[in-house]
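Observations on the model geometry
The residues making up each chain are set out below.
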Amino acid sequence: MARCDATVIRFDNVTKTYAKQPRPALQDVSLEVEKGEFVFLVGSSGSGKSTFLRLVLKEERPSTGNIFVAGKDLGRLSNWKVPALRRQMGTVFQDFRLLPNKTVRENVAFALEVIGKPTSTIRKVVPEVLDLVGLAGKEDRMPGELSGGEQQRVAIARAFVNRPMILIADEPTGNLDPQNSVGIMKLLDRINRTGTTIIMATHDQAIVDQMRKRVIELEQGHLVRDQSRGVYGYQH
Amino acid sequence: MRAQFVLKEIGIGLRRNLTMTIAVVVSVALSLTLFGAALLVSKQADSMKDYWYDRVEVSIFLCNKTDPKKDGCVNGEVSNADREAISADLKKMPEVDQVFFENKQDAFAHFKEQNKDSPLGDSLTPDQLPESFRVKLKDPTKFDVISSAFAGRAGVQSVQDQKKLLKPFFDLLTSARMAAYGIMFFMLLVAILLIINTARVSAFSRRRETGIMRLVGASNFYIQGPFILESAVAGLVGALVATGLLSAGYYFGIKRGLADSIQLLKSQLIGFDAVISVLPWLFLLGIGMSAIASFFTLRKYLKV
């Protein structure tokens, strides 16, 4: 049981082939991610990174193989239980995905409102998480008034406000300058230290080389490298 | 579910698609009005049938000496023995409720009364009118039993069912109802297609919100609820408009139109309670149809 608890994500020989696509997007991938790990997912465009993340979120189902997330076999998880699974995961994207007509505070509160959290809880935890991501004092700004780095902090606050077990970040620094990127990475590192598992797909070589965390590399759907304390690519 | 959140979302959604919402409300209102009208017409027909079938009789006219000598009348005027046999047989039949005998004097008096303003009655003598049995049936539709038993029998000139005289009128009511149902069917189709489209546009214009809702683990109930309630509210407004139209139609068409101008009909016309009794069906259909149509549309567009 203890072993089960430690593994938050497990892929067993997972292959994913999309309809009308000759080549599988992901082919025979097996791996485990332990609780509290920080994992970089690297590879060129079309290598299967996004498919990997979509499978973890159960937005897609594998063609063959089994996936376990947070102790649950996704293949046996009925549709109506998917929302409960997603409440244990937070997601951050390259394009932030904030609601432009809501303030910073409302954007973060929205994530709690729609899962039915009571107002009293929302009033308490939203300022806490905004303080954590370094946006205290900007609660009433609209996303359009913020810099890219600040908008991504709002998105991270929204992903983290429900204290998820896993945080999935799909190129979170893709739209940011190096300075803002470093700020975001520091924030993700801080969140990782609270025990949250982080899986981050990225193209940013400097960040991967600097952080020295576990690196999983995909190439044309195959898992070609799984290295703890790795760098972005082999030096040639 | 947090009511405040949902109400806010419904308000935003309905305002954002105002023109589509109006189209849905109008088409729902029209189809429900036709549905209500069809129900009222059949209630009206029932009420008139109750009234008239209670009063209609089967008349068995007996042979008069002026009748042509054929069929039941080959022996000329009906004999006393035949008359008594017919009377006795009628009273034995289980379908028969009551039997009245109308002699020549009674028939003459009735005729005079019905035609008192016309010179027609002056030239007539009681002798020229036939005697008849007026039969009230327990079930007014059982005319055929009487007809087959007495038509062509010795002394019987003809058997006449007064219900036949009312048939064209009830046929007219039936076709009016069918026409209302037919138009209603097409209006309902239009309404459903509009609801489906509105739900789709609504889901599309809020795909950013729903995308985030899915990612943070909102349940289907939360994601689809506002959209379904939005349609239901449009259906509710449509039903309210239909209620207004039906009430106005009742007031001007039946109450002011028919009842006041034709005194004879007054007691047979349906009351406003009939209008009230069809209203629950309008609301059920209006709200239910809208909610179900949008539910099935959204299942396709808001998958987990």
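Procedures and definitions
- Throughout this document, residue positions are counted from 1 along each chain, in the order its sequence is written.
- Following the order in which they are written, the chains are lettered starting with A and the ligands numbered starting with 1.
- Reporting of local features is limited, given that this is a predicted model, to residues whose pLDDT is at least 70; pairs of side-chain atoms are given and counted only at 80 or more, and all residues count toward the totals for whole chains, interfaces and linings.
- Think of the side-chain values as coming from all heavy atoms in the structure, minus any hydrogens and water.
- UniProt positions are given in the numbering used here, feature names are shortened, and annotations may be inferred rather than shown by experiment.
- Comment: elements are numbered from the N terminus, with helices defined as DSSP H or I runs of at least four residues and strands as E runs of at least two.
- The size measure is the radius of gyration over C-alpha atoms, and the globule rule it meets is 2.2 Å times the number of residues to the 0.38 power.
- Only protein chains enter the accessibility calculation, which uses a 1.4 Å probe. A residue is then buried if its area is under 20% of the maximum for its type, exposed if over 50%, and partly exposed in between.
- Any two residues having at least one pair of non-hydrogen atoms within 4.5 Å are treated as being in contact.
- Method for areas: the Shrake-Rupley scheme with a 1.4 Å probe, in which residue coverage is limited to the protein chains shown.
- Positive charges are assigned to Lys and Arg, negative charges to Asp and Glu, while His and the chain termini are left out of the count.
- Where a charge lies is defined by one atom per residue type, namely NZ (Lys), CZ (Arg), CG (Asp) and CD (Glu).
- Should DSSP find at least two bridges between two strands, the strands are regarded as paired.
- For helices, the axis comes from a line fit to the C-alpha atoms of the stretch in contact; other axes are also lines fit to C-alpha atoms, and the angle between any two N-to-C directions lies between 0 and 180 degrees.
- In this description, buried area is defined as the sum, over both parts, of the accessible area (probe of 1.4 Å) that is lost when the two are combined.
- Ten residues, namely Ala, Val, Leu, Ile, Met, Phe, Trp, Tyr, Cys and Pro, are considered nonpolar, four, namely Asp, Glu, Lys and Arg, are considered charged, and the remaining ones, Gly among them, are considered polar.
- Exposure above 30% relative accessible area and the lack of any salt bridge qualify a residue for a patch; like charges then connect within 9 Å, and the nonpolar side chains Val, Leu, Ile, Met, Phe, Trp and Tyr within 5 Å.
- Between Lys or Arg on one side and Asp or Glu on the other, a salt bridge is scored when a side-chain nitrogen of the former is within 4 Å of a carboxyl oxygen of the latter.
- The pairing test for Phe, Tyr and Trp rings, Trp by its six-membered ring, is centres within 6.5 Å, and the orientation test on the planes gives stacked under 30 degrees, edge-to-face over 60, and tilted for anything in between.

The name given to chain B in an unreviewed UniProt entry is Cell division protein FtsX, with the source organism recorded as Yinghuangia soli. Looking at chain B in UniProt, the text filed under Subcellular location (unreviewed entry) is "Cell membrane".

Examining the overall build of chain B
Regarding its fold elements, chain B presents nine helices and four strands. Ordered by position from the N terminus, the helices and strands of chain B form the series α-α-β-α-β-α-β-α-β-α-α-α-α. What you see for chain B is a C-alpha radius of gyration of 31 Å, clearly larger than the 19 Å of a compact globule of 304 residues, by over 25%. Seen through its principal axes, chain B has C-alpha atoms that stretch 100 × 40 × 30 Å. Counting the 304 residues in chain B, one finds 42% classified as buried. Across chain B, the fraction of contacts at a sequence separation of at least 24, relative to all contacts at a separation of at least 6, is 83%. A total accessible area of about 16300 Å² is found for chain B, and carbon and sulfur atoms account for 63% of it. Separation between the mean location of the 36 positive side-chain charges and that of the 28 negative ones in chain B comes to 18 Å.

Points about the sheet that holds strand S4 (residues 156–161) of chain B
Residue and element names in this part refer to chain B. Spatially, four strands are ordered S2-S3-S1-S4 in an open sheet, and the strand pairing comes out antiparallel. Of all strands in the sheet, those with a lone pairing partner are strand S2 (96–102) and S4, marking the two edges. The mean inter-strand angle of the sheet, taken between neighbouring strand axes irrespective of direction, is 20°. Sitting on the sheet, helix H3 (residues 80–92) touches strand S1 (58–62), S2, strand S3 (132–137) and S4, and the angle it makes with S3 is about 5°.

Topic: the interface of chain B and chain A
Taken together, the 14 residues of chain B in the interface contact 24 residues of chain A. Interface area for chain B against chain A, summed over the two sides, is near 1900 Å², with a carbon-plus-sulfur share of 59%. Per-element accounting of the side of chain B that touches chain A gives the leading share, six residues, to helix H7 (residues 207–215) of chain B. Residue classes in the side of chain B that touches chain A are distributed as eight nonpolar, two polar and four charged.

Regarding a nonpolar patch on the surface
Residue and element names in this part refer to chain B. Nonpolar side chains collect at one region of the surface, where Leu 18, Ile 22, Val 26, Leu 30, Val 237, Val 241 and Leu 245 lie side by side and expose about 540 Å² of accessible area between them. For the nonpolar patch, the elements supplying multiple residues, two or more each, are helix H2 (18–55) and helix H8 (220–261). Counting residues per element, the nonpolar patch draws most heavily on H2, at four residues. With respect to the secondary-structure elements, Ile 22 resides in helix H2.

A look at the packing of aromatic side chains
Residue and element names in this part refer to chain B. Using the criterion set out here, one finds seven aromatic pairs over all chains in the structure. Between the aromatic rings of Phe 185 and Phe 186, the centroid separation amounts to 5.4 Å while the plane-to-plane angle is 80°, which identifies the pairing as edge-to-face. Side by side, Phe 185 and Phe 186 carry an identical accessibility label, which is exposed. Consider the rings of Tyr 251 and Phe 252, whose centres lie 5.2 Å apart with planes at 85°: the pair is edge-to-face. Residue Tyr 251 is classed as partly exposed on the basis of its relative accessible area of 38%.

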